[in-house]
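Breakdown of the fold
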Amino acid sequence: MPVSLLCAVDVYGRVYSLSTGGQQWEQCRDAVLEFKRVTAVQQCCWGIACDHHIYLNVHSSDVPIRYQEETFENQRWNPVDNFSDRLLPSDRWQWSNITGLEHQPLDSFFLPSTNWEWEGDWYIDENFGGEPTEKEGWTYAIDFPATYTKDKKWNSCVRRRRWIRYRRYKATDTWAKIPSEGHSGPLPDPFNDISCGGWEISEEPRGRLSLWAVSLQGKVWFREGIHHHSPEGDGWEEVSLPGEVVQISCGPGDLVWAVLWEGQLIVREGITRDCPQGSSWVVVDSPNPEAGAIHVAVGDNVVWAVTKDNKVWFRRGINSYNPRGSGWIGMVGEMVMINVGLNDQVWGISCEDRAVYFRQGVTSSELSGKAWKAVNVPRDGDIRSHSSASSSSLHSAGCFFSGEVRAQSVMSEDSDTENGPQRAVLEGATTAFTAGPSIPEEVASLREAEAKSPPPVLVLSPSLSGGPGDPQWSNVDLEEAQTHLAVGPAGVRGDAADTCSLSSVATYTLCQEEPYGADEHPLWAWVSGGGCGVDCHSQLNWFNSATALASSVQSMSLSISPAQTAAWRKQIFEQLSERSKREMDNFKHYEQAIEQSVWVKKGTMQWWRDWKPHKWVDVKFALEQFSGPEGNQDGILFLYYNFNEEKKYLHAFINEVTILVPVLNDSKHTFAIYTAERTKQRWPIRLAAATELEMHDWLALLSVSCCDSRGIQGPPSKQALWSVTCKGDIFVCEPSPSLEACPYPTPCDQMFWHQVGGHLRLVECNSLGVVWGVGYDHTAWVYTGGYGGGFLQGLASSTDNIYTQTDVKCVYIYENQRWNPVTGYTNRGLPTDRYMWSDATGLQECTKANTKPPSPHWTWVADWAIDYGISGGTDREGWQYAADFPTSYHGHKTLKDFVRRRRWARKCKLTTTGPWQEVPPIPLSDVTIIPCGAQSSVEPIPLWAISNKGDVLCRLGVTLLTPAGTSWLHVGTDQPFKSISIGGANQVWAIARDGSAFYRGSVSAQSPAGDCWYHIPSPARQKLQQVSVGRTSVYTVDQHGNLWFRQGLTPSYPQGLSWEHISNNVRKVSVGPLDQVWIIADKVQGSHSLSCGTVCHRLGVQPMEPKGQSWDYGIGGGWDHITVRGNSFEAPRVRMPSVTPSLTTSLTDPLRPPPTRKLLSFGNTENGNAVRC
């Protein structure tokens, strides 16, 4: 579960946050002003202070908020001056935007506010379409506007180049004031309420938010232009109303409700991607006509309300198509206010005790929840006060404080003048809360008493404060001091803290931060869960106060020294060893009772028949397992079936099984069993169980049996190979020392793969044992050292280091239409057209109703929505246009476009377990770890990654003890990246999203982020997709599946000289620490059909032959990722006799088999290198 924050404001205006992984409220130390209320989302928090102005607090991140400003310099050629800035009157500006319509000189760019700063000066972009340009960055064309090229031609009459400058948002983790200005000037009145949401309306632009605010006069304002590159927004726009509004609430989607002064509610309609502020209001009656509504809170599909009698109401029937709902349901409990957070979870503040309450049992099927439960955790100041109280109990037994404490009953005029602004803040806070939620009478009387007569303030005399070496001792009445502290004001002179001694600091801190007594709970005024990512499965430690337990544990730990603990452990271990030895010696003379054991497990399944017509056949399945006298275990699988009224069977030895794979199937619980022979044929034994539980039982049993027969126990080794299937299942293989032997390596089809719990999209590792993974939702995970998880339970799974893991992915379907001259675009196509609702290929019909999650383990978490983020762009309605099916699509309609399509997406979620822990908070798209030898000691371990937004990151603090590292270091780039790899000698190569390659220079242990990027030209007319760097080799895969090898790499010139084509139909490549090359290949010939997603090994890779000679096929298909960067087993060199010409030919010619074993390769070869499939 990602760590997120619940925000709250107490009645004294202090902002606190509670982490989902923490157990105490943390006060926002940067808050200078008191706040009335806040509204939080995951990336930031907005608030209204006591001065009625809006403030923004953007949470800091290892990836800074950067915005790229760009302008273009245009020139035209003339016979006299050659290319110059003397343009024609009809030409564009000399300095303009990309369209040439706006005048943009370099000195016309300014920072939006004081919260931004420039990273550097303007510089020329020398990258064009993924290829480097000339040194000055010019691109040429015939005229404005036209198609530009990087090469100058004889008819190039105009040219342009792009200038870039970056600005960075610097006001993170601090409250930045937002100007109260609209398009026509300052706003007429200050704000009284605020609500933030709308991030699910559209993913473009990135980080888009909707901010709604209510002024003191009841007007509603909408903040425009809030997104990732502009967190402050552009300006305020007034929204017309049917009446005066007192409070407003905005959900993550298109739900916006507000409360009128009369107690009625209004709903905003017409909120879309292109119109986030909506179009009209609809009035909804209050739940109780006699007691109007005073508060409303909305989420994705829920609306909660509070009436004047503090009753809580739930609105049923809410969805995107019916934002008004159908009726009110009264709920148990009395609340001052309600807030709906992520996943429609509900928070509230009780009317009785002003405590924060959480609504338990809220799920997608039961949105109203079950019961209220108080959030019972201390504040950070409470823990210090408890420690001070415990210290006071010790001092009362005869100990004394150092320094002299004196009481000052009346403040001087100088102190009032000196602390004038702070005093004004306190007075403003007193009046500010009158417009917000009501304050209990005891709090109001306390504030009134403070205003009339300030209580005594403890001031430490600087002249009598002793240093650590010469303490001053004096007796202090602690009970009286704490009495004064309990009623002390919120602000105290800060210069006193500088002169405090150690013991007085605790007392002073309590005076400064604790307006409550030691045993009093805080009184809350507002709570916001918009940034708190919890759900019904979240394990929270908020509901049982651990203060007493922590103090008891602390006192116990203080009484037991580490030396005593170590002595006790040693003594217990010796006693257990003696007992075990004594009991074993007493039974040595007995003979072994059982020399060999055999047991059988039987069941009924369905089998996908090997021969045509292929169909599911009912069979009986049996596993016979036996163990010998030496403890070795083995077994046989039997599959009994009837054919032509004759009983037959198939069998497979357990030690011949190479992998057990769960298979995606909409209607059956299916898994496949591979052996070496069936791996060659690409045709496994495919079985279907009656239930999911039965399938998991068989998989777990078979997996344990296979591992026992091969002597594999415990977690994977540091040298293991990791792979991921298209389904997201994770498999590991323990390599043999001869796996990379030359010329006779271990055949790939004989490698045994066993499953590890969890669900990931990719995994990367190294030989030191550091393993990272990335999920489909871009969440980063680190391997914990355990094994098992998922369906592997009991002996097949470790008892510790197993954690809950979630993953979210999108399921896509396409809506297709064809144009006709009568009705325009309709869903009536030609007989030869694809289905009007289909998958991406158009060969399979996929409608909203019949499309299901990938497997029964996945559950829908959202409704179908139009996907505007598809490559190629879309129009406002999400359509892409083309001349016909299938062809390339674009986002604008032309006269030649007769078909169109748009993609619909729906999110589904998987919850499982595995030896993985989340690495928050930045989502990643790629990760790489330096490959090294097993005996090498590299700390910290270099690890690089790319965020899902394309930012390049370097992980700091990665060691064997802390494989998750400590923090991210952002590495600046001029464009977003998509693939990265680090190899031997800290070689870092990366692929940008435009398909260009880059090399990072000067990366070392002293400079882990390097100094600059070097642009590497891509292969001709190819855009690269993925890169992998080994000890001395660099391989890349382009978007058409071509595998390329970088030639000419030397220590003095690590960028290399040129690219050489190796093979086609490659999906992924992984280069290991021995420069071994493994790939995931498509269109591999099997006995029945072509197989996609097959693991293949490059044979013949040697220092003098880094490109290898041919391919050996392994497990497949259905594989999506493999990494061999942990395998550093170097096979012993074998001196071979002279190779005969026939053997040499067999290694390079796929049409002639080798003398011992068939070495398969892709299609034809030239010069010993496969070039096509």
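Quick caveat: nothing in here was measured; it's all calculated off a predicted structure. (Residues numbered from 1 in each chain as written. Predicted model: local features only at pLDDT ≥ 70, side-chain atom pairs only at ≥ 80, totals over all residues. Heavy atoms only, no water.)

1. Re the overall build of the chain
When its secondary structure is counted, the chain shows twelve helices and 80 strands. Burial status across the chain gives 51% buried among its 1173 residues. Within the chain, counting contacts between residues at least 6 apart in sequence, those at least 24 apart form 58% of the total. (Helix = DSSP H or I, 4+ residues; strand = E, 2+ residues; numbered from the N terminus. Buried < 20%, exposed > 50% of the residue type's maximum accessible area, 1.4 Å probe, protein only. Contact = heavy atoms within 4.5 Å.)

2. Observations concerning the sheet that holds strand 4 (residues 35–40)
Strand pairing in a sheet takes place through backbone hydrogen bonds and is either antiparallel or parallel in direction. Strand order in the open sheet formed by four strands is 4-5-6-16, and the pairing between neighbours is antiparallel. The sheet is open, and its two edges are formed by strand 4 and strand 16 (176–177), each paired on a single side. Note: strand 5 (residues 44–49) against strand 6 (residues 54–58), five bridges, orientation antiparallel. Across the sheet, the residue bridging to cysteine 45 is asparagine 57, located in strand 6. (Pairing = 2+ DSSP bridges.)

3. So, the UniProt feature "domain: Peroxin/Ferlin" (unreviewed entry) in the chain
Per the UniProt record, "domain: Peroxin/Ferlin" (unreviewed entry) is found at residues 64–125, 137–170, 806–867 and 878–911. The distance from the first to the last C-alpha atom of residues 878–911 is 31 Å, and the span holds 0% helix and 47% strand. (UniProt positions renumbered as here; feature names shortened; annotations may be inferred.)

4. A short note on the pattern of salt bridges
Note that side chains of opposite charge can pair when their charged atoms are close. Applying the stated criterion across every chain yields a total of 24 salt bridges. A salt bridge links arginine 162 to aspartate 125; the nearest nitrogen and oxygen atoms lie 2.6 Å apart. Placement of arginine 162 in strand 15 (residues 158–169) and of aspartate 125 in the loop between strand 11 (123–124) and strand 12 (127–128) is noted, with a sequence separation of 37 residues between them. For arginine 678, the salt bridge is made with aspartate 610, and the minimal N-O distance between the two is 3.0 Å. Remark: aspartate 610 occurs in the loop between strand 39 (597–608) and strand 40 (616–627) and arginine 678 occurs in helix 10 (residues 676–681); sequence separation between them is 68 residues. Owing to a relative accessible area of 13%, arginine 678 belongs among the buried residues under this scheme. (Salt bridge = Lys/Arg side-chain N within 4 Å of Asp/Glu carboxyl O.)

5. A short note on the sheet that holds strand 66 (residues 997–1001)
Overall, antiparallel pairing links the four strands, which are arranged 64-65-66-67 in an open sheet. Two strands bound the open sheet, and with one partner strand each, they are strand 64 (977–982) and strand 67 (1012–1016). Across the sheet, the axes of successive neighbouring strands diverge by a mean angle of 25°, strand direction being ignored. Direction of pairing for strand 64 relative to strand 65 (residues 988–992): antiparallel, over a ladder of five bridges. Counterpart to isoleucine 980 in the pairing with strand 65 is alanine 990. (Axes fitted to C-alpha atoms, helices over the stretch in contact; angles between N-to-C directions.)

6. Re the nonpolar core
Where a protein is soluble and globular, its nonpolar side chains tend to be buried together. In terms of nonpolar packing, the biggest core is built from 36 residues, with Trp772, Leu924, Trp944, Trp968, Phe977 and Trp1013 touching the most fellow members. For this core, the secondary structure elements donating two or more residues are strand 50 (771–774), strand 51 (780–783), strand 60 (924–929), strand 61 (943–947), strand 62 (952–956), strand 63 (967–971), strand 64 and strand 65. Per-element accounting of this core gives the leading share, four residues, to strand 61. Counting residues in hydrophobic clusters, the runner-up holds 31 residues, among them Leu18, Trp175, Val356 and Cys532. (Core = buried A, V, L, I, M, F, W, Y, C linked by side-chain atoms within 4.5 Å.)

7. Considering the packing of aromatic side chains
Going through the model one piece at a time under the given rule, you end up with 41 aromatic pairs. Seen from their ring centres, phenylalanine 83 and tyrosine 140 are 5.8 Å apart, and the 65° between their planes marks the pair as edge-to-face. Of this pair, phenylalanine 83 sits in strand 8 (residues 82–84) while tyrosine 140 sits in strand 14 (residues 139–141), and the two are 57 residues apart along the sequence. With relative accessibility at 11%, the residue phenylalanine 83 sits in the buried group. Members of the aromatic cluster, joined through ring pairs, are Trp607, Trp611, Tyr641 and Phe643. Lying across the ring of tyrosine 776, lysine 809 places its NZ or CZ 4.4 Å from the centre. (Phe/Tyr/Trp six-rings, centres within 6.5 Å; stacked < 30°, edge-to-face > 60°. Lys NZ or Arg CZ within 6 Å of the ring centre and 35° of its normal.)

8. Comments concerning unusual backbone geometry
For the bond running from phenylalanine 144 to proline 145, omega is -25°, close enough to zero to count as cis. With respect to the helices, strands and loops of the structure, proline 145 is situated in the loop between strand 14 and strand 15. The residue after proline 920, namely proline 921, is reached through a cis peptide bond having omega 0°. Looking at the element boundaries, proline 921 is found in the loop between strand 59 (916–918) and strand 60. Phi is positive for aspartate 173, which is not a glycine, with a value near 55°. On the secondary structure map, aspartate 173 appears in the loop between strand 15 and strand 16. In the Ramachandran plot, asparagine 1065 falls in the positive-phi region, its phi being about 55° despite a non-glycine side chain.

9. Here we look at the side chain of aspartate 926
In this structure, aspartate 926 sits in strand 60. Although aspartate 926 is buried, it makes no salt bridge; arginine 761 carries the closest opposite charge, 6.5 Å away. Polar side-chain contacts of aspartate 926 include one of 2.9 Å to the backbone nitrogen of isoleucine 980. (Lys, Arg positive; Asp, Glu negative; His and termini not counted. Polar contact = N/O pair within 3.5 Å; in protein donor to acceptor, adjacent residues only side chain to side chain.)

10. Side note on the state of the cysteines
Counted under the stated rule, the structure contains zero disulfides. Summary of cysteine pairing: cysteine 706 is not part of a disulfide, and the nearest cysteine sulfur, belonging to cysteine 707, is at 6.9 Å. (Disulfide = S-S within 2.5 Å.)

11. Some thoughts on helix 11 (residues 692–709)
The terminal C-alpha atoms of helix 11, which comprises 18 residues, lie 26 Å apart, in line with the 26 Å expected from a rise of 1.5 Å per residue. Inspection of helix 11 places Met695, His696, Trp698, Leu699, Ala700, Leu701, Leu702, Ser703, Ser705, Cys706, Cys707 and Ser709 among the buried residues, and these make up the whole buried set. Glycine 711, located one to two residues past helix 11, shows a positive phi value of around 70°. (Expected span 1.5 Å × (residues − 1).)

12. Quick look at the confidence of the model for the chain
A residue-level look at the chain finds 80% of positions with pLDDT of 70 or above and a mean pLDDT of 80. Below pLDDT 50 for its whole length, residues 388–514 participates in 143 contacts with residues either more than four positions away or in separate chains. In this model residues 546–558 is a low-confidence stretch, pLDDT under 50, and it forms three contacts with partners more than four residues away in sequence or in other chains. (pLDDT = per-residue confidence, 0-100.)

13. Some thoughts on a nonpolar patch on the surface
A grouping of Trp568, Ile572 and Leu576 is seen on the molecular surface, where their side chains present a nonpolar patch of about 330 Å² in accessible area. Residue placement: isoleucine 572 occurs in helix 9 (residues 562–585). (Patch = residues over 30% accessible without salt bridge, like charges linked within 9 Å, V, L, I, M, F, W, Y side chains within 5 Å. Areas by Shrake-Rupley, 256 points an atom, 1.4 Å probe, with all protein chains shown as cover.)

14. Details of the environment of aspartate 1075
Among the secondary structure elements, aspartate 1075 is positioned in the loop between strand 72 (1066–1071) and strand 73 (1077–1081). Judged by relative accessible area, aspartate 1075 falls into the buried class, the value being 8%. Sequence-wise, aspartate 1075 and proline 1106 are 31 residues apart; in three dimensions their C-alpha atoms are separated by 7.4 Å. Within the structure, aspartate 1075 has its side chain in polar contact with the backbone nitrogen of arginine 1031 (distance 2.8 Å). Looking at aspartate 1075, its side chain comes within polar contact range of the side chain of threonine 1032, at 2.4 Å.

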